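A structural walkthrough
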Amino acid sequence: MKKKNQKNIKKIVLSLSVVALFAFGASYIKEKSDESKVKEITYNAFVKKMNNKKIKTVYYYSKTDSTIECVDNKNKHYEFTNPSTDDFKVTLLKNGIEIKTPKSVKKENTIYKIKSIISTIYPIALIFLIYESLKGQLASNDDALDDSDKPKIKFVDVIGLEKTKEEMKFLVEFMKDPKKFKDSGVKIPAGILLYGPPGTGKTLLAKAIAGEANVPFYSKSGSDFVELYAGNGARKVRNLFKEAKKNAPCIVFIDEIDALGSKRSGAGGNSESTQTVNAFLNELGGFSGNEGILVIGATNMLDKLDPAFIRSGRFDKHICVPLPENKEERFEMFKLYSKNKKVSSDVDFMKWAKKTCGFGGADIETIMNNAALKSLMNENKEVTNDDIESAFYEKLTKGQKKTRTEEENQKQLKIVAWHEAGHAVITKLLTDDEVVSVTIAGSTSGVGGFTQSIPDKQTLQSKNDILNKIVCLYGGRAAEQLFFGNSQDVTTGAENDIKVATNMINRLVTEYGMSSSYGLLNLSEIEIADKKEIMNEMKRISNSCYEKALDILNNNKLLLEKTANLLIEKETISGDELNEVIDGLHS
């Protein structure tokens, strides 16, 4: 800490010195510039100004001077030919003009002397200080590994991910006793890569390994190695591994490693990024896995990494860190992140665990934290269901719930209600997905409403699953067309639905080999000059899915209308309430 403080003080002093020198330089240059702006005038013009009392100072030494400089009341400098008369000095004094000799000014003006000295050493001092400042800046991250700690987090503190933790136990054993593995002829991978969606606990797991093994944990980000000038990133890489070897056994964790190791272009060259990547790969492959150093990288985009990173001898051990697999794991997360909060007894965490399908641990932590913040701001003693509902809504829509005006209710409420009812009805009738809730509560982010459903399948999907999902996405636009009775008055509310559906159709045709026109081909791997045929195939699938959505809603128009009316009445309905509407029509 003391060393760090000394470096900070040195940086401050250097920065202030550079600023001071620049300020002096600007002042000095301005002064010299002012001095150089001396206008030549005739002696008669000077006499005229003197008679009009416009001259305040004259720099005069003797009548042998060829020229004389004077300053008027506005501090403007003039130069005129010396009249060389004996009574010139007397004339000046009679007119109340101050007389100074150039030499006496220089001899008597201490400030001038100081400025003269500084102006001599100024360029050298400035260059030196800038050099020191840049050198300090370049080395600012060299000691980034100084502040390490031994995390207290253990595997028991990581909710869920049981299979992942089981797979990681050998890493803990290695960190505790590297010699045991070396004697057995077992080589531990040089690098471990944790991959998975954002917020699933990759950093937490890396810390848990260090906590279980009781070894130092050094954390850096891939962006820490991204530099502007060639060679700086590579130097940081070398310093990192040098420091790690000094502190072995230890864990070096690099988050968002894709910022460092994204796929390189085929151009090669000596760019900063290429040098940094090469340095990292050389260092990673340059030491034995049994030296007690474990390098762990984390990424959300495994497919974006350069192949050289994930080949054997580099990050060749890949461990998936998935989203919570079931509502039981999410239930435990809600319990964990509410431990230090006062939560109302009527809050059912299992209900929220069921409702947050597809959410990671970080998402659930954010929801509970924001719910507690809302409770505090509302001066409530406990976190209530309403607080969690509001935080959940903001997380889902990325905005706050918007209060509709009376005019908006009249103009758009019915449209939004029919739109969301279209999504909900088709989801219930066409798929096995569970509709959790439907709302027409608008958001400040622009979301007019949404239908939340839990997929029946979260792994492999069949062609029918994908097509049915596309039909569900088109349900909102189809419901609007039925509401208006034509396709000309439909709104932009389906913008995001169409965007998601287009992506799904594109992948179905070009990547999944599910198009009857192209067979088992991955078209994204083929250079196709004319993509007109692909567009025609995608359009055919899109039209077919939209027609199916219209048919389903036309055949169940009464259910669609009742669902929309219930939404207008209540704003938000649950899956159970939707089931009651369906059961009421079938009874």
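Cut-offs and rules
- Residues numbered from 1 in each chain as written.
- Predicted model: local features only at pLDDT ≥ 70, side-chain atom pairs only at ≥ 80, totals over all residues.
- Heavy atoms only, no water.
- Phe/Tyr/Trp six-rings, centres within 6.5 Å; stacked < 30°, edge-to-face > 60°.
- Helix = DSSP H or I, 4+ residues; strand = E, 2+ residues; numbered from the N terminus.
- Buried < 20%, exposed > 50% of the residue type's maximum accessible area, 1.4 Å probe, protein only.
- Axes fitted to C-alpha atoms, helices over the stretch in contact; angles between N-to-C directions.
- Parallel < 35°, antiparallel > 145°, perpendicular 65-115°, else oblique.
- Left-handed = near helix turned anticlockwise from the far one by under 90°.
- Contact = heavy atoms within 4.5 Å.
- Salt bridge = Lys/Arg side-chain N within 4 Å of Asp/Glu carboxyl O.
- Pairing = 2+ DSSP bridges.
- Expected span 1.5 Å × (residues − 1).
- Arc of directions from axis to C-beta.
- Core = buried A, V, L, I, M, F, W, Y, C linked by side-chain atoms within 4.5 Å.
- Patch = residues over 30% accessible without salt bridge, like charges linked within 9 Å, V, L, I, M, F, W, Y side chains within 5 Å.
- Areas by Shrake-Rupley, 256 points an atom, 1.4 Å probe, with all protein chains shown as cover.
- Lys, Arg positive; Asp, Glu negative; His and termini not counted.
- Charge placed at Lys NZ, Arg CZ, Asp CG, Glu CD.
- Nonpolar A, V, L, I, M, F, W, Y, C, P; charged D, E, K, R; others polar.

Topic: the packing of aromatic side chains
On inspection of all chains with the given rule, the structure shows 19 aromatic pairs. Arranged with centres 5.7 Å apart and planes meeting at 70°, the rings of Phe241 and Phe280 form a pair that is edge-to-face. Of this pair, Phe241 sits in helix H9 (residues 232-246) while Phe280 is found in helix H11 (residues 272-284), placing the two residues 39 residues apart along the sequence. Residues Phe483 and Phe484 carry aromatic rings whose centres are separated by 5.1 Å and whose planes lie at 80° to one another, so their mutual orientation is edge-to-face. Taking relative accessible area as the criterion, Phe484 reaches 27% and is therefore assigned partly exposed. Taken together through their ring pairs, the aromatic side chains of Tyr43, Phe46, Tyr60, Phe80 and Phe88 make up a single cluster.

Notes on the packing of helix H18 (residues 463-484) against helix H19 (residues 495-510)
Between H18 and H19, the least distance of the axes is 9 Å, while the angle of their chain directions is 160°. Accordingly, the angle class assigned to the pair H18 and H19 is roughly antiparallel. In this structure, the crossing between H18 and H19 has a hand that is left-handed. Residues Lys463, Ile466, Leu467, Lys469, Ile470, Leu473, Tyr474 and Arg477 of H18 lie in contact with H19, whose contacting residues are Asp497, Ile498, Val500, Ala501, Met504, Ile505 and Leu508.

Description of the pattern of salt bridges
Enumeration over the complete set of coordinates arrives at 13 salt bridges. Of the charged contacts, one joins Glu162 and Lys165 as a salt bridge, the two residues approaching to 3.4 Å between their closest N and O atoms. Of this pair, Glu162 and Lys165 both sit in helix H6 (residues 162-176), 3 residues apart, which is roughly one turn of that helix. Glu162 sits in the exposed class, given a relative accessible area of 51%. For Lys165, a relative accessible area of 8% puts it in the buried group. Note that Glu537 is salt-bridged to Arg540, the shortest N-O span being 2.9 Å.

A look at the sheet that holds strand S11 (residues 434-439)
Strand order in the open sheet formed by 3 strands is S12-S11-S13, with antiparallel pairing between adjacent strands. The strands lining the two open edges of the sheet, one partner per strand, are strand S12 (450-454) and strand S13 (572-574). When the angles between neighbouring strand axes are averaged without regard to direction, this sheet yields 15°. In the packing of helix H21 (residues 557-570) onto the sheet, contacts are made with S11 and S13, and the angle to S13 comes to roughly 120°. Relative to the sheet, helix H22 (residues 575-586) contacts S11 and S13, its axis offset from that of S13 by approximately 80°.

Description of H21
Because each turn of an α-helix spans 3.6 residues, side chains separated by three or four positions in sequence point in the same direction. With 14 residues, H21 should reach 20 Å at 1.5 Å per residue; the first-to-last C-alpha distance of 20 Å fits that figure. Where H21 is concerned, the buried positions are Leu559, Leu560, Thr563, Ala564, Leu566 and Leu567. Along the axis of H21, the buried residues cluster in a sector spanning 160°; they form a single face. More than 90 degrees from the buried face of H21, the exposed residues found are Leu558 and Glu569. Just beyond H21, the residue with positive phi is Glu571, at close to 70°.

Notes on the side chain of Thr563
Structurally, Thr563 is set in helix H21. Thr563 gets classed as buried once you look at its relative accessible area, which sits at 0%. When residues no more than four places from it in sequence are discounted, the contact partners of Thr563 are Ala421, Val425, Ile573, Leu578 and Val581.

So, the nonpolar core
Of all hydrophobic cores here, the largest spans 45 residues; its most connected members are Ile470, Tyr474, Val509 and Leu553. At the level of elements, helix H17 (406-430), S11, H18, H19, helix H20 (532-555), H21 and H22 are the ones that each hand at least two residues to this core. Element by element, the count of residues in this core is highest for H18, at 10 residues. Each residue touching Tyr474, except ones within four places of it in the same chain, is listed here: Ala501, Ile505, Ser542, Cys545, Tyr546 and Ala549. If you look at the next biggest cluster of nonpolar residues, it comprises 27 residues, including Phe181, Leu205, Ile296 and Ala298.

Observations regarding the side chain of Thr427
Structurally, the position occupied by Thr427 is in helix H17. Taking the relative accessible area as the measure of exposure, Thr427 reaches 7% and is therefore buried. When near neighbours in sequence (up to four residues on either side) are disregarded, Thr427 contacts Asp433, Val435, Ser453 and Cys472.

Observations concerning a positive patch on the surface
Residues Lys39, Lys48, Lys54, Lys74 and Lys76 make up a contiguous surface patch of positive charge. Its location among the elements puts Lys39 in strand S1 (residues 38-40). Residue Lys39 is classed as exposed on the basis of its relative accessible area, which comes to 53%.

So, the pairing of strand S7 (residues 217-221)
Summarising burial for S7: 4 of the 5 residues are buried, a large majority. Taken together, the 5 bridges between S7 and strand S8 (residues 250-255) define a ladder with parallel strand orientation. Residue pairing in the sheet places Tyr218 in a bridge with Val252 of S8.

Describing H20
In a regular helix each residue adds 1.5 Å, so 24 residues correspond to 34 Å; H20 covers 35 Å between its end C-alpha atoms and thus fits that length. Three or more residues of H20 are buried, namely Ile534, Glu537, Met538, Ile541, Ser542, Cys545, Tyr546, Ala549, Leu550, Ile552 and Leu553.

So, the sheet that holds strand S2 (residues 55-59)
Pairing is mixed across the open sheet formed by 5 strands, whose spatial order is S1-S4-S3-S2-S5. On the outer flanks of this sheet lie S1 and strand S5 (98-100), each paired with one strand and no other. With strand direction ignored, the average angle separating the axes of adjacent strands in the sheet is 30°. Here 3 bridges tie S2 to S5, and the two strands are oriented parallel to one another. Counterpart to Thr57 in the pairing with S5 is Glu98.

Side note on the packing of helix H15 (residues 361-377) against helix H16 (residues 385-397)
The interhelical angle for the contact between H15 and H16, taken along N-to-C directions, is 130°, at an axis separation of 8 Å. Relative to H16, the element H15 is oriented oblique. The handedness of the crossing between H15 and H16 comes out as right-handed. Of H16, the residues touching H15 (which contributes Asp363, Ile367, Met368, Asn370, Ala371, Lys374 and Ser375) are Asp387, Ile388, Ser390, Ala391, Phe392, Glu394 and Lys395. Class assignment of the residues belonging to the contact of H15 with H16 gives a composition of 6 nonpolar, 3 polar and 5 charged.

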